[in-house]
Amino acid sequence: MDTNRLSKTLAKALNQQMTNEAHNAQIYLAYASWANNQGYDGISNFLFRHSNEERNHMMKILEYILKRGGKVVVSAIPEPGPDPKNVNDCFEKIFKSEVENTTSIYNIVNISLEEKDWATWNFMQWFVKEQTEEETLALDLLSKIKIAGGEKANDDALYALDNNLAKTPDDATLAQDVTVEKP
């Protein structure tokens, strides 16, 4: 008896997303290591935490595929690419990576909607909200480095930014969570 509840198209897309999440974890891991080598312990810590978060996303998708009776396909993870040139470049690359990940997640949502696979559509809503948070965090990073001077940020500004990120929570405040009392 076939217990698979995922179409071939959705199974393929979910397996690819699992690889995307692993790739994003590698990107954060590589950039965290780069930041640590540059002496930015706060930035490094922040990025290491986000690497773990991306691995957790990968595991959520892996588990979902298994729970729906699908076959998990573990694929090679692409290299994270070259080290950032500076903190500004690091944050720009992170934002680009998160936007690409959002596009991939939206693709799965669209496929699940077209196929009327409501279980997958519902499952992916968590990722839609999570990507809103990830993009918000990435935009916040870009705003902080812009205030610090962007590519031309001086050592004092980078020191302050590094200290700030050491204390920055992993979750961003999303627009849908804001109220008049708590902007």
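Described in the following lines is the structure provided in the data block.

Here we look at the overall build of the protein
Looking only at helices and strands, one finds 5 helices and 0 strands in the protein. Going residue by residue from the N terminus, the α and β elements of the protein occur as α-α-α-α-α. Viewed in the frame of its principal axes, the protein has a C-alpha envelope of about 65 × 45 × 20 Å. Out of the 183 residues in the protein, the part that is buried amounts to 46%. Across the protein, contacts joining residues at least 24 apart in sequence account for 81% of those joining residues at least 6 apart. Accessible surface, the protein as shown: approximately 10,400 Å² in total, 53% of it carbon and sulfur. Taking the average place of the 19 positive charges on the side chains of the protein and the average place of its 28 negative ones, the gap between the two points comes to 5 Å.

Some remarks on the packing of helix H3 (residues 87-115) against helix H4 (residues 118-148)
Contact geometry of H3 with H4 gives a least axis separation of 9 Å together with a crossing angle of 165°. Between H3 and H4, the angle is such that the two are roughly antiparallel. Here the hand of the crossing between H3 and H4 comes out left-handed. For the contact of H3 with H4, the residue count by class is 20 nonpolar, 7 polar and 4 charged.

So, the nonpolar core
In globular proteins that are soluble, nonpolar side chains generally tend to be buried together. Counting 27 residues, the largest nonpolar core has Ile 43, Leu 47, Val 87, Phe 91, Ile 94 and Ile 145 as the members making the most contacts within it. With 7 residues, the single largest contributor to this core is helix H1 (residues 8-37). Discounting residues that sit within four places of it in the chain, Ile 145 has contacts with Val 87, Asn 88, Phe 91, Gly 150, Ala 153, Leu 158 and Leu 161. Grouped together as the second largest cluster of nonpolar side chains are 21 residues, Ala 13, Met 18, Val 72 and Phe 123 included.

A look at the side chain of Ser 51
Note on placement: Ser 51 falls in helix H2 (residues 41-67). Residue classification places Ser 51 among the buried residues on the basis of a relative accessible area of 0%. Within polar-contact distance, the side chain of Ser 51 engages the side chain of Arg 55 at 3.0 Å. Not counting residues within four places of it along the chain, the set of residues in contact with Ser 51 comprises Ala 25, Tyr 28 and Leu 29.

Quick notes on the pattern of salt bridges
Scanning all chains against the criterion turns up 3 salt bridges. Residues Lys 67 and Glu 63 are paired through a salt bridge, measuring 3.4 Å at the closest nitrogen-oxygen approach. Of the two residues, Lys 67 and Glu 63 both sit in helix H2, 4 residues apart, roughly one turn of that helix. Of the residues examined, Lys 67 reaches a relative accessible area of 64% and is grouped as exposed. A relative accessible area of 36% places Glu 63 in the partly exposed class. Of the charged contacts in the structure, one is a salt bridge between Lys 93 and Asp 89, with a shortest N-O distance of 3.6 Å. Residue Lys 93 and its partner Asp 89 are both found in helix H3; the two are separated by 4 residues, about one turn of the helix. Judged by its relative accessible area of 22%, Lys 93 falls in the partly exposed class.

Quick look at a nonpolar patch on the surface
Together, Leu 113, Trp 118 and Trp 121 give the surface a local cluster of nonpolar side chains, amounting to about 310 Å² of exposed area. Mapped onto the elements of the fold, Trp 118 is located in helix H4.

Comments concerning the packing of aromatic side chains
In this structure the tally under the stated criterion is 4 aromatic pairs. Consider the rings of Trp 126 and Phe 127, whose centres lie 4.9 Å apart with planes at 85°: the pair is edge-to-face. Members of the aromatic cluster, joined through ring pairs, are Tyr 64, Phe 123, Trp 126 and Phe 127.

Thresholds, definitions, all that
Residues numbered from 1 in each chain as written. Predicted model: local features only at pLDDT ≥ 70, side-chain atom pairs only at ≥ 80, totals over all residues. Heavy atoms only, no water. Helix = DSSP H or I, 4+ residues; strand = E, 2+ residues; numbered from the N terminus. Buried < 20%, exposed > 50% of the residue type's maximum accessible area, 1.4 Å probe, protein only. Contact = heavy atoms within 4.5 Å. Areas by Shrake-Rupley, 256 points an atom, 1.4 Å probe, with all protein chains shown as cover. Lys, Arg positive; Asp, Glu negative; His and termini not counted. Charge placed at Lys NZ, Arg CZ, Asp CG, Glu CD. Axes fitted to C-alpha atoms, helices over the stretch in contact; angles between N-to-C directions. Parallel < 35°, antiparallel > 145°, perpendicular 65-115°, else oblique. Left-handed = near helix turned anticlockwise from the far one by under 90°. Nonpolar A, V, L, I, M, F, W, Y, C, P; charged D, E, K, R; others polar. Core = buried A, V, L, I, M, F, W, Y, C linked by side-chain atoms within 4.5 Å. Polar contact = N/O pair within 3.5 Å; in protein donor to acceptor, adjacent residues only side chain to side chain. Salt bridge = Lys/Arg side-chain N within 4 Å of Asp/Glu carboxyl O. Patch = residues over 30% accessible without salt bridge, like charges linked within 9 Å, V, L, I, M, F, W, Y side chains within 5 Å. Phe/Tyr/Trp six-rings, centres within 6.5 Å; stacked < 30°, edge-to-face > 60°.

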